[in-house]
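Here are the chains, one letter per residue:
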Amino acid sequence: MKYLPLNPQIFIDNRKRFAGKMEKNAIAIFNSNDELPTNGDALFKFKQNTDLFWLTGIEQEDSMLVLYPDNPDPKYREVLVLVRPNELKEKWDGHRLRVQEAKAISGIQTIIWLDTLDGMLQPWIHWADSIYLNTNENDRKANLVPVRDYRYIKQMKRRYPLHTYKRSAQILKELRGIKSALEVEVLQKAIDITDNTFRHLLQFIKPGVMEYEIEAEIYHQFMKQRSAGPAYGSIIASGDRARTLHYVENNQECKDGELILMDFGAEYGNYCADLTRTIPVNGKFGRRQKIVYNACLHLHHYAASILKPGISILDYTEKVGEEATQVFLKIGLLRKSDVKNEDPENRAYRKYLYHGISHHLGIDVHDLGTRTEPIKPGMVFTIEPGIYIEEEKMGVRIENNFWITKSGNKDLMKNIPITVEEIEALMKV
């Protein structure tokens, strides 16, 4: 890992929270992700299962966690399972965790090797009344590959068919949605790295620069600051390409007079920042560009004013849509007749703002959490309204990250330049 060691209390507390939600005399088992092949004998860069990381802080492949709070032997109430270090494999693939290293990272005191697990796990399963197993229940999931979690479920049900099986994902969706202060400290580090990088880009971007050059600068600046790299594929969209929400080709020239929409964020300690800024390639907003940008910034501030405990994302999105309707009337995108005759299922403002305003943020960029239940203190959200105008070949989006408090929210990106005046001043230097 490139980042400095995280406070193991993060993972100790997370396991305690999860164990507190388990039924009596139940056991929970978590698996690491698969190593996935590319072509030939090559593998994709390994990415840990974020549920397992949230509980342990362990990034190594072939790892497992067993939680059994009512185990008759207290030593085995939480057990971290690691692959046994192998001298020959380490010559090829590098260092594997030793017991003391794993204890320091996770705070777990009982470490066993994967090749000894079966004989130890069987009596624990026999003592337990129910078994919690994990699957990916992120509402945005679209991957149908039979990954390790799903294969393990089949294996366990075949070996222990009379046990009652429970879904860990139901508990994790609730718990991971609420970030502790220690987690937000790590997230803030990712945000600060992103802040420094954005300020660098304001000095770097000039007419004639290529989108991929900007992407390279982002990657370079991130890694200089101990980030593992981008938390997601950076979107560097100049001109009309800014209207494509997931534009990732990043292969065009940034031209004088265009705006450039940049959606990027650093990963630090596996926690993800998610920033969007739209800036003028030549350092100066045009008159119409400034009007549209300030309209988007108004929506951003309005959304921040109502994103607080008690409201649901669905209700919040509806309110922002009402405000967007008024803003779009004001800047000439909509006419009163457009609003009067709009389809309630496809409102008029959706022509220019066709995505959601916020999503949960954490270890995953689109992190676990509810969309229908009331928002609670401790949740972290993006706020990212956009205005996309096909007729003007223009797209503007502004995005910050917010931690929900008891009375409202805290803008974790409050120090990152956001106004027309701030951006123009820093690009002029």
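Residues numbered from 1 in each chain as written. Predicted model: local features only at pLDDT ≥ 70, side-chain atom pairs only at ≥ 80, totals over all residues. Heavy atoms only, no water.

1. Some remarks on the overall build of the protein chain
Okay, step 1: On a plain count of helices and strands, the protein chain comes out with 13 helices and 17 strands.
Okay, step 2: C-alpha extents for the protein chain along the principal axes are approximately 70 × 50 × 40 Å.
Okay, step 3: In the protein chain, which comprises 429 residues, the proportion classed as buried is 52%.
Okay, step 4: Taking all contacts inside the protein chain whose residues are at least 6 apart in sequence as the whole, residues at least 24 apart take part in 71%.
Okay, step 5: Of the roughly 20200 Å² of accessible surface on the protein chain, a fraction of 52% belongs to carbon and sulfur atoms.
Okay, step 6: Each charge class in the protein chain can be summarised by its mean position, and for the 59 positive and 59 negative side chains these summaries are 3 Å apart. (Helix = DSSP H or I, 4+ residues; strand = E, 2+ residues; numbered from the N terminus. Buried < 20%, exposed > 50% of the residue type's maximum accessible area, 1.4 Å probe, protein only. Contact = heavy atoms within 4.5 Å. Areas by Shrake-Rupley, 256 points an atom, 1.4 Å probe, with all protein chains shown as cover. Lys, Arg positive; Asp, Glu negative; His and termini not counted. Charge placed at Lys NZ, Arg CZ, Asp CG, Glu CD.)

2. Some points on empty space enclosed by the protein
Okay, step 1: Taken as a whole and judged by the stated rule, the model has 1 cavity of 30 Å³ or more.
Okay, step 2: Each pocket or cavity is described by its volume, and for the largest cavity that value is around 30 Å³.
Okay, step 3: Every residue lining the largest cavity is listed: Gln188, Ile191, Asp192, Asp195, Leu412, Met413, Asn415 and Ile416.
Okay, step 4: In terms of residue class, the lining of the largest cavity is built from 4 nonpolar, 2 polar and 2 charged. (1 Å grid on protein atoms, 1.4 Å probe; cavity = no way out; pocket = protein on both sides within 12 Å on 5 of 7 lines; lining within 4 Å. Points joined across faces, edges and corners; volume = space filled by probe spheres on them. Nonpolar A, V, L, I, M, F, W, Y, C, P; charged D, E, K, R; others polar.)

3. As for the nonpolar core
Okay, step 1: In terms of nonpolar packing, the biggest core is built from 107 residues, with Phe18, Ile214, Met262, Tyr316 and Phe328 touching the most fellow members.
Okay, step 2: Setting aside residues no more than four positions away along its own chain, Tyr316 makes contact with Ala303, Ile306, Leu307, Ile311, Ile357, Ser358 and Ile383. (Core = buried A, V, L, I, M, F, W, Y, C linked by side-chain atoms within 4.5 Å.)

4. Observations regarding the pairing of strand β6 (residues 164-167)
Okay, step 1: Pairing between strand β5 (residues 130-133) and β6: 4 bridges, direction parallel. Residue pairing for β6: Ser130 is matched across the bridge by Thr164.
Okay, step 2: The handedness of the β5 to β6 crossover, carried by helix α6 (residues 148-159), is right-handed. (Pairing = 2+ DSSP bridges. Right-handed = clockwise from strand over helix to strand, strands pointing away.)

5. Observations regarding the pattern of salt bridges
Okay, step 1: Per the counting criterion, the structure on display carries 28 salt bridges.
Okay, step 2: Its salt-bridge partner being Glu424, residue Lys284 comes within 3.5 Å of it at the nearest N-O pair. Of the two residues, Lys284 is situated in the loop between β12 (275-280) and α10 (287-306) and Glu424 in helix α13 (residues 420-428); the sequence distance between them amounts to 140 residues.
Okay, step 3: The salt bridge involving Glu342 is made with Arg347; its shortest N-O contact spans 3.1 Å.
Okay, step 4: Through salt bridges that share partners, Asp51, Arg176, Lys179, Asp364 and Asp367 make up one connected network. (Salt bridge = Lys/Arg side-chain N within 4 Å of Asp/Glu carboxyl O.)

6. Focus: the sheet that holds strand β10 (residues 266-268)
Okay, step 1: Taking strand neighbours across the sheet as the criterion, the 3 strands line up as β7-β10-β11 in an open arrangement whose pairing is antiparallel. Edge strands, defined here as strands with exactly one partner in the open sheet, are β7 (229-230) and β11 (271-272).
Okay, step 2: Bridge analysis of β7 against β10 gives 2 bridges, and the strand direction is antiparallel. When the bridges of β10 are listed, Pro230 appears paired with Ala266.
Okay, step 3: Sitting on the sheet, helix α8 (residues 181-204) is in contact with β10 and β11, with an inclination near 145° to β10. (Axes fitted to C-alpha atoms, helices over the stretch in contact; angles between N-to-C directions.)

7. Overview of the sheet that holds β6
Okay, step 1: Strand order in this open sheet of 6 strands is β4-β3-β2-β1-β5-β6, and the pairing throughout is mixed. Only two strands of the sheet have a single partner each, and these edge strands are β4 (110-113) and β6. Each adjacent strand pair in this sheet contributes to an overall mean axis angle of 25°, direction not counted.
Okay, step 2: Against the sheet, helix α4 (residues 99-106) engages β3 (78-82) and β4, with an angle of about 135° to β4.
Okay, step 3: Contacting β1 (26-31), β2 (64-67), β3, β4 and β5, helix α5 (residues 117-127) crosses the sheet at an angle of about 150° to β1.

8. Comments concerning the environment of Lys103
Okay, step 1: Inspection of the secondary structure puts Lys103 in helix α4.
Okay, step 2: For the pair Lys103 and Leu80, spaced 23 residues apart in sequence, the C-alpha separation works out to 8.9 Å.
Okay, step 3: Sequence-distant contacts of Lys103, defined by excluding residues within four places in its chain, comprise Ile108, Gln109 and Ile111.
Okay, step 4: Of the polar contacts made by the side chain of Lys103, one reaches the backbone oxygen of Gln109; its length is 3.5 Å. (Polar contact = N/O pair within 3.5 Å; in protein donor to acceptor, adjacent residues only side chain to side chain.)

9. Observations concerning the side chain of Asn400
Okay, step 1: Note on placement: Asn400 falls in strand β16 (residues 400-404).
Okay, step 2: Engagement of the side chain of Asn400 in a polar contact is seen with the side chain of Asp411, the distance being 3.1 Å.
Okay, step 3: In this structure, Asn400 is in contact with Leu275, Arg277, His300, Phe381, Thr382, Ile383, Asp411, Met413 and Ile418, ignoring residues within four places of it in sequence.

10. Section: the packing of aromatic side chains
Okay, step 1: Under the defined criterion, the tally for this structure stands at 9 aromatic pairs.
Okay, step 2: Centroid distance Phe18 to Phe30: 5.3 Å. Interplanar angle 75°. Geometry classified as edge-to-face. With Phe18 in helix α1 (residues 9-19) and Phe30 in strand β1, this pair connects stretches of sequence that are 12 residues apart.
Okay, step 3: Exposure remark for Phe30: the relative accessible area of 1% places this residue in the buried category.
Okay, step 4: One aromatic cluster in this structure is built from Phe18, Phe30 and Tyr132.
Okay, step 5: In this structure, Lys157 is placed above the aromatic ring of Tyr165, and the distance from its NZ or CZ to the ring centre is 5.6 Å.
Okay, step 6: One residue, Lys189, lies across the ring of Tyr268, its end atom 5.9 Å from the ring centre. (Phe/Tyr/Trp six-rings, centres within 6.5 Å; stacked < 30°, edge-to-face > 60°. Lys NZ or Arg CZ within 6 Å of the ring centre and 35° of its normal.)

11. Quick notes on unusual backbone geometry
Residues apart from glycine generally show negative phi values, whereas peptide bonds are mostly found in trans.
Okay, step 1: Positioned with a positive phi, Asn25 is a non-glycine residue whose angle comes to about 55°.
Okay, step 2: Here Asn25 shows up in the loop between α1 and β1.
Okay, step 3: The residue Arg226 is not glycine, and still its phi comes out positive at about 75°.
Okay, step 4: The residue Arg226 is located in the loop between α9 (211-224) and β7 in this model.
Okay, step 5: Given a relative accessible area of 42%, Arg226 falls into the partly exposed group.

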